[in-house]
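# Chains, contacts and geometry: an overview
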Amino acid sequence: MPSSHPSSRRKPASVFFRVDCSPVTGSGHIERCLALAARFHHYHAQISFISAEPLPQHIHDDHPNYYFYSFANDDHLYGSPVEPTVVTTDDGPWLAHDHFRSFSQSCDAGFSRSIIEKGVCDILVVDHYGLDARWQEKLRDCVGTLVIIDDLADRHHSCDFLVDQSRPAHKEADYTPLLAPSSIRLIGPDYAMLRPEFNISPDERNIRTGIDNLLVFFGSVDADNFTAVTLNVLAETAWRNKNITIVIGAQNPHAACVSALAASMNAKVIVQTKQMGALMMAADLAIGAAGSASWERAATGLPSLVVSVASNQDAVLDTLVSHGVAIPLSAKKDEYAAGLANAIVDLENSTDIITTMSQKSYEVCDGMGIERIVIQTMKTCI
């Protein structure tokens, strides 16, 4: 009987990703897709990315063996560049995240299909809040297996697999009215899409016992500049003297402001790091958003003070708090600042909270999610 493990496949699979990265969409979608792509590539899959606008140059530079296509500037695909225009009249009912797209769903599907049909697509992974079953149905007949990444459960999907790393496993019924019965649901932190550096073995675990090193990270973009608000609060407390590391992305529009604040309190700023795993393992407490980095923090046993800065992060925050691995803060900036100041006082007076949160974090996420997803989905094309 033939093996169903991806390594047993005789011909390399062709895996496409449809995902965008911009100040509007944030960087979480592309980060988890890159983590998943790396695992597919480990099993010799050919990797291609499709986006409306070109992905940041550093992504191209870091992945020279991947193929990158975008609607806006691929002359060899369309004869001349396509000007991004928001068109929704042919899509029917609007979606809550229509603004995440530069084109209508029909137009987006047409461009995507034009790219995919130039070769073979064994697996298509779609991570986009602005696309639903209407888009997916237009691609079904030209792909082998369709995988949707979602964490909103707010629209219908037509797919073979639905992955939601944010929703507690016991809430997978949220998708029942949105999916066909045949769609396989991979729900919960067991399917968190993390890079291999976050697969921490038991003997490598770091259980925190105090707070000396702080890590501040609100995502690569941090459009609302919660980083600056955080630094302003820290500057007024005894924690200004702790070892503070701030991570921002190359796309962060507030880099100059953050750098100036950091310099005033002798904090370290790192832009577009490839060492997030090591930084998290070295930290005792994180302050940040409830995005994809939440599972990275959990996998490294890092307690956190967390704020949900977007609707898709609400489920993540609920999961973290219910497991006792994070302390929630308000997304309203004035309330956030006051809440952060109060949390600092509470933690100073009871550091055993940190140890308990650190121990529980390792129980939430083991860092093996991408392996589980790849094995499940590649079974369909072996």
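Overview of the structure. Remember, predicted model here, so these are calculated numbers, not experimental data.

## Concerning the pairing of strand E2 (residues 46-51)
Every regular strand shows the same layout, with side chains that alternate between the two sheet faces. Burial of E2 is extensive: 5 of the 6 residues sit out of reach of the surface. As paired elements, strand E1 (residues 14-19) and E2 share 5 bridges and run parallel to each other. Following the sheet pairing, Phe-16 is matched in E2 by Ser-48. The parallel pair E1 and E2 is bridged by helix H1 (residues 28-42), and the resulting crossover is right-handed. Pairing of E2 with strand E3 (residues 67-70), which is carried by 4 bridges, proceeds in the parallel orientation. By the bridge assignment for E3, Ile-50 is matched with Tyr-69. Tracing the backbone out of E2, into helix H2 (residues 57-62) and back to the parallel element E3 gives a crossover that is right-handed.

## What about the pattern of salt bridges?
Here the structure, examined in full by the defined rule, presents 21 salt bridges. Residue Asp-141 pairs with Arg-113 through a salt bridge whose shortest N-O separation is 2.6 Å. Placement of Asp-141 in the loop between helix H5 (133-137) and strand E5 (145-149) and of Arg-113 in helix H4 (residues 105-116) is noted, with a sequence separation of 28 residues between them. For Asp-141, a relative accessible area of 62% translates into the label exposed.

## Details of unusual backbone geometry
In this model, Asn-266 sits at a positive phi of 60 degrees, which is unusual for a non-glycine residue. At Gln-272, a residue that is not glycine, the phi angle is positive and equals roughly 55 degrees. Relative to the helices and strands, Gln-272 is located in the loop between strand E10 (268-271) and helix H8 (276-282). Judged by relative accessible area, Gln-272 falls into the partly exposed class, the value being 25%.

## Points about the packing of H1 against helix H13 (residues 369-378)
In contact at an axis separation of 9 Å, H1 and H13 are set at 60 degrees when each is read in the N-to-C sense. Between H1 and H13, the interaxial angle falls into the category oblique. Handedness of the crossing formed by H1 with H13: right-handed. Residue-level contacts link Ala-35, Leu-36, Arg-39 and Phe-40 of H1 to Ile-370, Glu-371, Ile-373, Val-374, Thr-377 and Met-378 of H13. Classifying every residue of the contact of H1 with H13 gives 7 nonpolar, 1 polar and 2 charged.

## Quick look at the packing of helix H6 (residues 226-235) against helix H7 (residues 255-264)
Axes are the key here: two packed helices are described by the angle between their axes and the distance separating the axes. It is the contact of H6 with H7, at a shortest axis distance of 9 Å, that shows an interaxial angle of 15 degrees. With respect to H7, the element H6 is oriented roughly parallel. In this structure, H6 meets H7 at a crossing whose hand is left-handed. Within the contact between the two elements, H6 uses Thr-227, Ala-228, Leu-231 and Asn-232 and H7 uses Cys-257, Val-258, Leu-261 and Ala-262. Across the contact of H6 with H7, the residue classes tally to 6 nonpolar, 2 polar and no charged.

## Describing H1
Over its 15 residues, H1 runs 21 Å from end to end, which matches the ideal 21 Å to within 8%, given 1.5 Å per residue. Inspection of H1 places His-29, Ile-30, Arg-32, Cys-33, Leu-34, Ala-35, Leu-36, Ala-37 and Phe-40 among the buried residues, and these make up the whole buried set. For H1, the elements touching its buried residues are E1, E2, H2, strand E4 (123-127), E5 and H13. Residue His-44 follows H1 closely and has a positive phi angle near 70 degrees.

## Digging into the nonpolar core
Within the largest apolar cluster, 34 residues are counted, with the highest numbers of intra-cluster contacts made by Val-15, Phe-17, Leu-36, Phe-40, Ile-47, Phe-49 and Val-125. Mapped by element, the contributors of at least two residues to this core are E1, H1, E2, E4, E5, strand E6 (161-164) and H13. Broken down by element, this core gets its largest block of residues, 7 residues, from H1. Once you skip the residues sitting within four places of it in the chain, Val-125 turns out to touch Val-15, Phe-16, Phe-17, Arg-18, Leu-36, Phe-40, Val-147 and Ile-149. Ranked by size, the runner-up nonpolar core spans 31 residues in total, among them Val-216, Ala-228, Ile-248 and Leu-329.

Conventions used here
- Residues numbered from 1 in each chain as written.
- Predicted model: local features only at pLDDT ≥ 70, side-chain atom pairs only at ≥ 80, totals over all residues.
- Heavy atoms only, no water.
- Buried < 20%, exposed > 50% of the residue type's maximum accessible area, 1.4 Å probe, protein only.
- Helix = DSSP H or I, 4+ residues; strand = E, 2+ residues; numbered from the N terminus.
- Pairing = 2+ DSSP bridges.
- Right-handed = clockwise from strand over helix to strand, strands pointing away.
- Salt bridge = Lys/Arg side-chain N within 4 Å of Asp/Glu carboxyl O.
- Axes fitted to C-alpha atoms, helices over the stretch in contact; angles between N-to-C directions.
- Parallel < 35°, antiparallel > 145°, perpendicular 65-115°, else oblique.
- Left-handed = near helix turned anticlockwise from the far one by under 90°.
- Contact = heavy atoms within 4.5 Å.
- Nonpolar A, V, L, I, M, F, W, Y, C, P; charged D, E, K, R; others polar.
- Expected span 1.5 Å × (residues − 1).
- Core = buried A, V, L, I, M, F, W, Y, C linked by side-chain atoms within 4.5 Å.

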